[in-house]
Amino acid sequence: MENNDIKNIMRMKEIANIYSMTNQKEKSARYHKSIIEICDKYPKNERMLMLKIQSLNQLNKSYKSLETTNELLSINPYNINALINIASHIMGEEYV
């Protein structure tokens, strides 16, 4: 089931990016919220946490993104995506 969810998330991210590039931010946000809901079904899954962080960043939810990053680091303290996310927030940039 997880593989299907990951495939669905990847498609949803593509659609969200298209909406974002065409200035349809509300539609893009709906997809990112759906991605987060799917990821929440797998709270201890490293890949799902990384995907959730990306969507939280797209929604400009910095606090929740960093909170989720801490969850990810508790699973894998060497996860490069988590470390990049922290550095990006410190530098005032969003990691997407």
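Residues numbered from 1 in each chain as written. Predicted model: local features only at pLDDT ≥ 70, side-chain atom pairs only at ≥ 80, totals over all residues. Heavy atoms only, no water.

### Regarding the packing of aromatic side chains
The geometry of two aromatic rings is summed up by the distance between their centres and the angle between their planes. In plain terms, the rule: Aromatic rings from Phe, Tyr and Trp, with only the six-membered ring used for Trp, were paired whenever their centres fell within 6.5 Å, and each pair was classed as stacked if the ring planes differed by under 30 degrees, edge-to-face if by over 60, and tilted otherwise. Numbering goes from the N terminus for both helices and strands, where a helix is a DSSP run of H or I of at least four residues and a strand is a run of E of at least two. Buried residues are those whose accessible area, probed at 1.4 Å on protein chains only, stays under 20% of the maximum for their type, while exposed residues exceed 50% and partly exposed ones sit between those limits.
Under the definition given, this model contains 1 aromatic pair. Their ring planes at 35° and their centres at 5.9 Å tell us that tyrosine 19 and tyrosine 31 sit as a pair that is tilted. You can see tyrosine 19 sitting in helix α1 (residues 2–21) and its partner tyrosine 31 sitting in helix α2 (residues 25–39), a full 12 residues away along the chain. Its relative accessible area of 27% is what places tyrosine 31 among the partly exposed residues.

### Observations concerning the packing of helix α4 (residues 62–75) against helix α5 (residues 80–91)
The condition that has to hold: With axes taken as lines fitted to C-alpha atoms, and helix axes fitted only over the stretch in contact, angles between N-to-C directions fall between 0 and 180 degrees. Geometric relationships in this document are graded by angle, where less than 35 degrees denotes roughly parallel, more than 145 denotes roughly antiparallel, 65 to 115 denotes roughly perpendicular, and other angles denote oblique. Handedness of a crossing follows from how the near helix is turned relative to the far one, being left-handed for an anticlockwise turn of less than a right angle and right-handed for a clockwise one. Contacts are residue-level and defined by heavy atoms, with any inter-residue pair within 4.5 Å sufficient. For this classification, Asp, Glu, Lys and Arg are treated as charged, while Ala, Val, Leu, Ile, Met, Phe, Trp, Tyr, Cys and Pro are nonpolar and the rest, including Gly, are polar.
Look at α4 against α5: their axes get within 9 Å of each other, and the N-to-C directions meet at 150°. Put simply, α4 runs roughly antiparallel to α5. In this structure, the crossing between α4 and α5 has a hand that is left-handed. Here Ser62, Ser65, Leu66, Thr69, Leu72 and Leu73 of α4 come into contact with α5, specifically with Ala82, Leu83, Asn85, Ile86 and His89. Classifying every residue of the contact of α4 with α5 by side-chain character gives 6 nonpolar, 5 polar and no charged.

### Considerations on the pattern of salt bridges
To keep it simple, the criterion reads: Criterion for a salt bridge: a side-chain nitrogen of Lys or Arg within 4 Å of a carboxyl oxygen of Asp or Glu.
Within the structure shown, the criterion is met by 3 salt bridges. Between lysine 52 and aspartate 40 there is a salt bridge, with its nearest N and O atoms 2.6 Å apart. One end of the pair, lysine 52, is in helix α3 (residues 46–58); the other, aspartate 40, is in the loop between α2 and α3, with 12 residues separating them in the sequence. Owing to a relative accessible area of 41%, aspartate 40 belongs among the partly exposed residues under this scheme. The salt bridge involving lysine 64 is made with glutamate 67; its shortest N-O contact spans 2.9 Å. Of the two residues, lysine 64 and glutamate 67 both sit in helix α4, 3 residues apart, roughly one turn of that helix. Judged by relative accessible area, lysine 64 falls into the partly exposed class, the value being 33%. What makes glutamate 67 partly exposed here is its relative accessible area of 30%.

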